[in-house]
Amino acid sequence: MRLRPGQHLRRNADFGAVREQGRRTDCGAFLLTWRVRPAAGPARVGFVASRAAVGDAVHRNRAKRRLREIYRKHQNLVPPSLDLVLTARAALLRLAYADVEARFIQVCQKLTPTKAPSDV
RNA sequence: UUUCGGAGCCAGAUCUUCGCUCCGCGUUCUUUGAACCAGGAGAGGAAAGUCCGGACACCACAGGGCAGGAUUCCCACCGAAAGAGGGGGCGCGGCGCUUCAAGGCGCCGUGACGGACAGUGUCACAGAGAAUAGACCGCCCGGUUCGACUCGCCGCAAGGCGGCUCGCUCAGGGUAAGGGUGAAAAGGUGGGGUAAGAGCCCACCGCGCCGAAGGCAACGACGGCGGCACGAAAAACCCAAUCCGGUGCAAGACUAAAUAGGGGACUCGGCGGCCCGUCGGACAGUCCCGGGUUAGUCGCAUUCCGCGGCGCUGGCGCAAGCCGGCAGCCCGGAAAGGUGCGCCUUCGGGCGCGCCUAGAGAAAUGAAGAUCCGCCGUCGCUCAAUACGGCGGCUGACAGAAUCCGGCUUACCGGCUUCGGAACUAG
RNA sequence: GCGAGCGUAGCACAAUGGAUAGUGUUGUGGCCUCCGAAGCCAUCGAUCCGGGUUCGACUCCCGGCGCUCGCA
């Protein structure tokens, strides 16, 4: 299962839109934010790891790689036309990889386009 | 063998599966291009801090002065350059030898190491006195008064007068040896000398000045002169000498797209501090408000060669095989740049050998599993264990390229090589 | 990535290189009050870290650490 460049969020405006209009779920190790995109297409994702929450460059990189790998494996659980932002939290690197993976699978149950806000 | 220190090197290994960024043979689709995909490459010694220097880019071809900043013993060394490296000099500290001592010599360590008669300012508290030194105690001289002792004279006596010596008090003066204060008290030690003392005089040492063998130089063996004049601090301002134009890849160039040649204030503008000077010019420019675009490419990631090997692949052939292709890796070679070591040099550099050349853009180098290695914990064996074996655990040090290179600084579990010191054991 | 600036009690700020680093507020204890507030008195509490210069450093110099800001 591949993760292509077109499925990445790259613009600052995209991140801002998700952060302002999306819904949030705290999963302990990470914060999941998502919104329904007006234009149709495959789901897109962005990863955030701040210096304050995670630490130095080594840990920021490792946190984003973990989140990217988990999303890549289980991206079939995410409906299309969604924009996601996964924000790493301090506990992410303290937990085992399999534990974080299980939390992601669990939270994907909530992701349905019909339950998303329709006023976007 | 253990331990300490210096220098250099390494920074877990192998395999399988699934992925990421870049380069991409080939295939397919509609040429541009897109999709799939064989194969290949893919973090560091510090990639970090951004403390110095350079390359490169733009501002005018980088001009003059002022301001500002940087540097500061010397160098025939090294380097593109630097505040880097190397060597030397001098000072300071430690150890050893020597000396009565001061001192001298050797080894090791260490030093932001120009200038304090160019100038301005500072040295709190304590202390008598702190930079034109200073007399509190003490020591010495000492007039007067007083007292003691004694001598002489006068007097019958009480006593008076005068003198020597000593003491006390107080004027006055000498003295920087000693006490005490302080971070620092204006050369030290010894002797002479003196009323007491003092470089007042002498010897040695220190210091200053002059000369000087030697050395490129800093410096200086040695000699002479000077009785001492010269406190600290320039990481206070400052002075001298030397150097520096500014900004930094978010530099900057191009393409595409978009917009209202809009409103207000000020003014010739550029050469990002100021003046000169110069260039451009009568266009416009600067600041504020409002609005639009806030996308892509380049900068920017060594180049090339081989009837070589590996690998992949096209065509032909039943097949062996034959004829081709070559992006990548390996090997060999060449060139460019960089770097380390060594050698040569006419000081400009040159030669030889070894090594290196990854490149994103919300930003690649990851995940899982297995084995080995390492570390930690625990149990067993054992007299006891750091040795051996079993089990469990592990972000397996510090840490992630962002234009590139050199130096510095800081972080760091360990391992290997080598050199030096110390201790122990054996020969 | 490149470039500027800052760091003093819990908080907001002072302090020519020189008594025991000061002021307000907060905290603690006491007085006052029937109780509390206010007020009064007392008290605890700090120079980001490590070196250096100096007789002496919050101050001057160097190196770290942390924080803030600017740059298409």
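From a predicted model like this one, the values you see are computed outputs, not experimental measurements.

Q: Tell me about the protein's contact with RNA strand B, residues and numbers included.
A: Around RNA strand B, 24 residues are found, and the nearest of them are Arg4, Leu9, Asn12, Arg65 and Arg72. Backbone sugar and phosphate groups make up 65% of those atoms of RNA strand B lying within 4 Å of the protein. In the environment of RNA strand B, a sugar or linking oxygen lies 2.9 Å from a nitrogen or oxygen atom belonging to the side chain of Arg72. Elements with a minimum of two residues in the surface near RNA strand B: helix H1 (12–21) and helix H2 (57–73). In terms of residue count, the dominant contributor to the surface near RNA strand B is H2 (10 residues). Broken down by class, the residue content of the surface near RNA strand B amounts to 9 nonpolar, 4 polar and 11 charged.

Q: Pulling in residues and values, what's your account of the packing of aromatic side chains?
A: For the coordinates displayed, the defined rule picks out 3 aromatic pairs. On the numbers, 6.3 Å between centres and 45° between planes, the contact of Phe30 with Phe104 is tilted. Separated by 74 residues along the polypeptide, Phe30 in strand E2 (residues 30–36) and Phe104 in helix H3 (residues 97–107) bring together distant segments of the chain. Its relative accessible area of 2% is what places Phe104 among the buried residues. Geometrically, the ring pair formed by Phe47 and Tyr71 is edge-to-face, given 6.4 Å between the ring centres and 75° between the ring planes. Of this pair, Phe47 sits in strand E3 (residues 44–48) while Tyr71 sits in helix H2, and the two are 24 residues apart along the sequence. By the burial criterion, Phe47 is buried, and Tyr71 matches it.

Q: Could you give an account of the confidence of the model for chain A, with specific residues and numbers?
A: Summarising the model, chain A shows a mean pLDDT of 80, and 92% of its residues fall at 70 or more. Here residues 114–120 is a poorly scored stretch, pLDDT under 50, and it has 7 contacts once near neighbours within four places are set aside; other chains count. Predicted complex, confidence summary: ipTM 0.79, pTM 0.75.

Q: Please set out the pattern of salt bridges residue by residue, giving values where relevant.
A: Scanning the model with the defined rule gives 5 salt bridges in all. The shortest N-O distance in the salt bridge between Arg89 and Asp26 comes to 2.5 Å. Highlighted residues: Arg89 in the loop between strand E4 (82–88) and H3 and Asp26 in strand E1 (residues 23–26), separated in sequence by 63 residues. The salt bridge partner of Asp99 is Arg103, with a shortest N-O separation of 3.8 Å. Of this pair, Asp99 and Arg103 both sit in helix H3, separated by 4 residues, roughly a single helical turn. Residue Asp99 is classed as partly exposed on the basis of its relative accessible area, which comes to 33%.

Q: If you had to explain the nonpolar core to someone new, which residues and values would you point to?
A: Here is a general trend for soluble globular proteins: nonpolar side chains tend to be buried in one another's company. Membership of the largest hydrophobic core comes to 26 residues, with the highest contact counts inside it found for Phe30, Tyr71 and Leu84. Put simply, the parts of the chain that give this core at least two residues each are E2, E3, H2, E4 and H3. Setting aside residues up to four positions removed in sequence, Phe30 forms contacts with Thr25, Leu67, Leu86, Thr87, Ala88, Arg89, Val100, Arg103 and Phe104. Counting residues in hydrophobic clusters, the runner-up holds 5 residues, among them Leu9, Val18, Val48 and Val85.

The rules behind these values
Residues numbered from 1 in each chain as written. Chains lettered and ligands numbered in written order. Predicted model: local features only at pLDDT ≥ 70, side-chain atom pairs only at ≥ 80, totals over all residues. Heavy atoms only, no water. Near = heavy atom within 4 Å. Polar contact = N/O pair within 3.5 Å; in protein donor to acceptor, adjacent residues only side chain to side chain. Helix = DSSP H or I, 4+ residues; strand = E, 2+ residues; numbered from the N terminus. Nonpolar A, V, L, I, M, F, W, Y, C, P; charged D, E, K, R; others polar. Phe/Tyr/Trp six-rings, centres within 6.5 Å; stacked < 30°, edge-to-face > 60°. Buried < 20%, exposed > 50% of the residue type's maximum accessible area, 1.4 Å probe, protein only. pLDDT = per-residue confidence, 0-100. Contact = heavy atoms within 4.5 Å. Salt bridge = Lys/Arg side-chain N within 4 Å of Asp/Glu carboxyl O. Core = buried A, V, L, I, M, F, W, Y, C linked by side-chain atoms within 4.5 Å.

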